[in-house]
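Structural characterization, general
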Amino acid sequence: MHLRLLPHLFVMVSLTTPSAHAVPDDYKVNVREGCRQLISGAYIRVYDEREKNRTLAKSLAGQLADTETALKAAQKELASAKAAAAAGTFELARANAADRASAKVRTMEAQRAEYQALLLQAEAAAASAARDERELLHAVAPIFEITRANDKADGGYPLRLDYKATCPKYRALCPLPVADADKLAAVKVEGAAPEACKRYVSQSRMR
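Definitions and limits used
- Within any chain, residue numbers begin from 1 and follow the written order of that chain's sequence.
- Side-chain atom pairs in this predicted model are given and counted only at pLDDT of 80 or more, local residue features only at pLDDT of at least 70, and totals for whole chains, interfaces and linings cover all residues.
- Note: side-chain values were computed over all heavy atoms of the structure, leaving out hydrogens and water.
- Secondary structure elements follow DSSP: runs of H or I of four or more residues count as helices, runs of E of two or more count as strands, with numbering from the N terminus.
- Here's how the labels work: a residue is buried when its accessible area is under 20% of the maximum for its type, exposed when over 50%, partly exposed in between, all with a 1.4 Å probe on protein chains only.
- Under the convention used here, Asp and Glu are negative, Lys and Arg are positive, and both His and the chain ends fall outside the count.
- By definition, a salt bridge exists where a carboxyl oxygen of Asp or Glu is found within 4 Å of a side-chain nitrogen of Lys or Arg.
- Polar contacts, as used here, are pairs of N or O atoms within 3.5 Å; protein pairs need one atom able to donate a hydrogen and one able to accept it. Residues neighboring in sequence count only if both atoms are side-chain atoms.
- In what follows, residue pairs with any heavy atoms lying within 4.5 Å of each other are defined as contacts.
- Nonpolar cores were defined as sets of buried Ala, Val, Leu, Ile, Met, Phe, Trp, Tyr and Cys residues, with membership established by side-chain atoms within 4.5 Å.
- Here the aromatic set is Phe, Tyr and Trp, taking the six-membered ring for Trp, and pairing holds for ring centres within 6.5 Å; pairs whose planes are under 30 degrees apart are stacked, those over 60 apart are edge-to-face, and all others are tilted.
- Whether a charge sits over a ring depends on NZ of Lys or CZ of Arg being within 6 Å of the ring centre and within 35 degrees of the ring normal.

**Structural notes on the side chain of Arg-148**
Mapped onto the fold, Arg-148 is located in strand 1 (residues 144-149). One buried charged residue, Arg-148, remains without a salt bridge, the closest side chain of opposite sign being Glu-133 at 4.6 Å. A polar atom in the side chain of Arg-148 sits 2.9 Å from the side chain of Tyr-43. A distance of 3.0 Å separates a polar side-chain atom of Arg-148 from the backbone oxygen of Gly-156. Not counting chain neighbours up to four residues away, the residues in contact with Arg-148 comprise Tyr-43, Tyr-47, Leu-137, Asp-154, Gly-155, Gly-156, Tyr-157, Pro-158 and Leu-159.

**A short note on unusual backbone geometry**
Look at Glu-190: it is not a glycine, yet its phi comes out positive at around 55 degrees. Mapped onto the fold, Glu-190 is located in the loop between helix 5 (178-185) and helix 6 (195-205).

**Topic: the nonpolar core**
Generally speaking, a soluble globular protein has its nonpolar side chains buried in company with each other. Membership of the largest hydrophobic core comes to 23 residues, with the highest contact counts inside it found for Ile-39, Phe-144 and Leu-184. Element by element, the count of residues in this core is highest for helix 3 (residues 31-86), at 6 residues. Within the second largest apolar cluster, 8 residues are counted, among which are Ala-81, Ala-101, Val-105 and Met-108.

**Details of the packing of aromatic side chains**
Under the criterion given, the structure shown has 4 aromatic pairs. Each ring, one from Tyr-43 and one from Tyr-47, has its centre 6.5 Å from the other, and the planes form 50 degrees; the classification is tilted. On the criterion of helical spacing, the pair formed by Tyr-43 and Tyr-47 is a turn pair, its members being 4 residues apart in helix 3. Tyr-43 gets classed as buried once you look at its relative accessible area, which sits at 0%. Owing to a relative accessible area of 1%, Tyr-47 belongs among the buried residues under this scheme. Residues Tyr-47 and Tyr-157 carry aromatic rings whose centres are separated by 5.7 Å and whose planes lie at 85 degrees to one another, so their mutual orientation is edge-to-face. You can see Tyr-47 sitting in helix 3 and its partner Tyr-157 sitting in strand 2 (residues 157-163), a full 110 residues away along the chain. Note on Tyr-157: relative accessible area 32%, which makes it partly exposed. Through a chain of ring-to-ring contacts, three or more aromatic side chains come together here, namely Tyr-43, Tyr-47 and Tyr-157. Between Arg-50 and the ring centre of Tyr-47, over which it is positioned, the NZ or CZ distance is 4.5 Å.

Here you go:
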């Protein structure tokens, strides 16, 4: 009788026991990989922010230069219109031309002031983003190898970060060297060490 129940018990156990293959991939990420993904994502974000603000500042500088050129032309046009209006007797057409030229100059001056303010903001944001990128790069460079698309003077876009200290492929626990763990502990993302990295540092120090 007990022997006849065994197949049924096996089926019940199979149905109620979670399979390793059924665990979603998100839950399989260990703290080593979780930390790497967080640091890699953070570095790519600060790099993108630096490039975005640098590109914006360059674009605004070009627009400001074009506005300066157009303003000089408008100022010459105004000077010519004023001279024509002042010559001889009053003529409505000449007076209107001078008024239009004066309005154009005021418009261009307002546009120049706007571009100057925007450029100052963009340059400040670009400087701040560049500082953030340098600081994070300085912190992660001793621990991670950065793979880049080599298309720029700074080495190119960071495609991914990988630990310099490698591990056997199927090793579940792979502590960092103590020196690397100490450096990783000092890496901050948005002002704090990522939780996965703190856990990985703790595991690496347990030797």
